[in-house]
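Residue-level structural notes
Listed below are the residues making up each chain.
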Amino acid sequence: MSYRVKILPRNITLTVAPHETILEAAMAQGFRFPYGCDAGNCFVCAGSLESGTLNITTNDKQIRANDNEADDVLFCLAQPRSDCSIFIEGVLAPGEHKMINASCQATNITPMGNDTIEAVLRLPAGKKIDFHPGQYLQVILDKETECAFSIANIPNKERTLQLYIGFSDKDERSRRLRKAFTVGNVVNISLPHGNCYLKNPESTAPLFLVAGSTGISQIKSIAEQCVSAQTHRQVFIYWGTRTADELFLNDFFLNMAKENNNIHYTPVISEPDTAWQDRTGFVHKAMLEDHNVSDDAEIILCGSPGMAYAVLDDLLATGIKEHQVQSDVFDYAPRNS
Ligand code: FES
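Residues numbered from 1 in each chain as written. Predicted model: local features only at pLDDT ≥ 70, side-chain atom pairs only at ≥ 80, totals over all residues. Heavy atoms only, no water.

Turning our attention to the overall build of the chain. Tallying secondary structure elements over the chain gives 7 helices and 20 strands in all. The C-alpha radius of gyration computed for the chain amounts to 22 Å, which stays within 12% of the reference 20 Å derived for 337 residues, consistent with globular compactness. With respect to the three principal axes, the spread of C-alpha positions in the chain is 70 × 50 × 40 Å. Burial analysis of the chain (337 residues in total) assigns 48% to the buried set. A total of about 16,500 Å² of accessible surface is found on the chain, and carbon and sulfur atoms cover 48% of it. Mean positive and mean negative side-chain charge positions of the chain (29 and 41 charges, respectively) differ by 4 Å. (Helix = DSSP H or I, 4+ residues; strand = E, 2+ residues; numbered from the N terminus. Rg over C-alpha atoms; globule rule 2.2 N^0.38 Å. Buried < 20%, exposed > 50% of the residue type's maximum accessible area, 1.4 Å probe, protein only. Areas by Shrake-Rupley, 256 points an atom, 1.4 Å probe, with all protein chains shown as cover. Lys, Arg positive; Asp, Glu negative; His and termini not counted. Charge placed at Lys NZ, Arg CZ, Asp CG, Glu CD.)

Quick look at the pairing of strand S10 (residues 116-122) now. Both faces of the sheet carry side chains from a regular strand, because those side chains alternate between them. For S10, the buried fraction is high: 6 of the 7 residues fall into the buried class. Between the end of strand S9 (residues 100-113) and the start of S10, which pair antiparallel, lie 2 residues, with Asn114 showing a positive phi angle near 50°. Bridge analysis of S10 against strand S13 (residues 160-166) gives 7 bridges, and the strand direction is antiparallel. Residue pairing for S13: Leu121 is matched across the bridge by Leu161. (Pairing = 2+ DSSP bridges.)

Moving on, we get to the environment of Ala180. Within the element layout of this structure, Ala180 appears in helix H2 (residues 172-180). Separated by 11 residues in sequence, Ala180 and Leu191 place their C-alpha atoms 18 Å apart. Sequence-distant contacts of Ala180, defined by excluding residues within four places in its chain, comprise Leu141, Asn185 and Val187. (Contact = heavy atoms within 4.5 Å.)

Spatially, the 5 strands line up as an open sheet ordered S2-S1-S8-S3-S6, and their pairing is mixed. Two strands in the sheet have a free side with no partner beyond their single neighbour: strand S2 (12-16) and strand S6 (73-74). Pairing of strand S3 (residues 46-51) with strand S8 (residues 84-87), which is carried by 3 bridges, proceeds in the antiparallel orientation. Its bridge partner lying in S8, Leu49 is registered against Ile86.

Within the secondary structure layout, Gln225 lies in helix H3 (residues 216-229). For Gln225, a relative accessible area of 14% translates into the label buried. Discounting chain neighbours no more than four positions away, the residues touching Gln225 are Pro133, Ile154, Leu198 and Pro201.

Right, let's talk about the nonpolar core for a bit. Judged by nonpolar contacts, the single largest core of 28 residues is most densely connected at Phe33 and Phe75. At the level of elements, strand S1 (3-8), S2, helix H1 (22-28), strand S4 (53-56), S6 and S8 are the ones that each hand at least two residues to this core. Leave out the neighbours within four places in its chain, and Phe33 touches Ile7, Ile22, Leu23, Ala26, Met27, Cys45, Phe75, Ile88 and Val91. (Core = buried A, V, L, I, M, F, W, Y, C linked by side-chain atoms within 4.5 Å.)

Let's shift gears to the sheet that holds S13. If you walk across this open sheet you meet the 6 strands as S12-S11-S14-S9-S10-S13, and the pairing is antiparallel. If you trace the sheet from one side to the other, it starts and ends with strand S12 (145-150) and S13, each paired once. The mean inter-strand angle of the sheet, taken between neighbouring strand axes irrespective of direction, is 40°. When strand S11 (residues 136-142) meets strand S14 (residues 186-193), the two strands line up antiparallel, connected through 3 bridges. Paired with Gln138 across the bridge in S14 is Ser190. (Axes fitted to C-alpha atoms, helices over the stretch in contact; angles between N-to-C directions.)

Looking now at H2. Every α-helix carries 3.6 residues per turn, so stepping three or four residues along brings you back to the same face. Every buried residue of H2 is listed here: Ser174, Leu177 and Ala180. Taken down its axis, H2 places every buried residue within 120° of arc, on the same side. Looking at the buried side of H2, the elements it contacts are S11, S12, S13 and S14. A side-chain oxygen of the first residue of H2 lies 2.8 Å from the backbone nitrogen of Arg173; this N-cap is Asp171. (Arc of directions from axis to C-beta. Polar contact = N/O pair within 3.5 Å; in protein donor to acceptor, adjacent residues only side chain to side chain.)

This is how it looks when you write it as structure tokens:
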């Protein structure tokens, strides 16, 4: 038996056996975890216990999340006694890139219709961009206000980041974003964030990428990664929007599918007008009508929490296993929170 330890603020999950300390498990599994002495002397590994119970090995004392000692726990001495959440800065999962803050210039803004823009940000010379396709960045408007956007391209030498942003003038934050994303302006960001990306990019198992609305940004980045890696894995992209004019990257994906035999693209419209002659209804139902999803297939869902959980339930009901399905939603809006 082992316990799941969620490490905040990065939202990374570590599996820890009862006889292991959290630091031991992290090191054994290739995490980067702050530590110095591994013996309770240096305090480098200190953080807080947010939920659950830990056992402190030096005195066999149990600490629970609301105890006074919970604010200052040394994880080199702490063994879990239940599933837990802990808070400690500076932890990186295996293969995870270090987070950076950067001031970028908005170099291109292109209207895409329906009050959506394509924005291109360029990082300053000398700032290396490292992220996994599928991750997102945070635009920092001020100390209290950050907005998350999926990165729509793959890392490149030009140090550019492509975003798709939908505006709503009813929303103050959206009005501020519209102003910030003007050609020539400096935009402050942090990246990379998120855990929803291809953990084994060399895999040749079928990959289903299912997006609702502007969730397509994340899908675009992962699809571009598959094309550039030339793994020839079969990639099935399903994009659902309300109306056909919201398919702002339709031509892009039609071309990608035309140029790559292993990429398949299906747009699905939920409120079609009479001109729409293609697929209609719920996007994931179209996917399930078209495919028997094999046990080794991966599915990535991008959309609102409501959409992601409704789709997850329908997928699980067909026998697809939970571990086959990834979504950022499962981290930032856990169902039982
Ligand atoms: S690593 Fe030194 S106190 Fe934990």
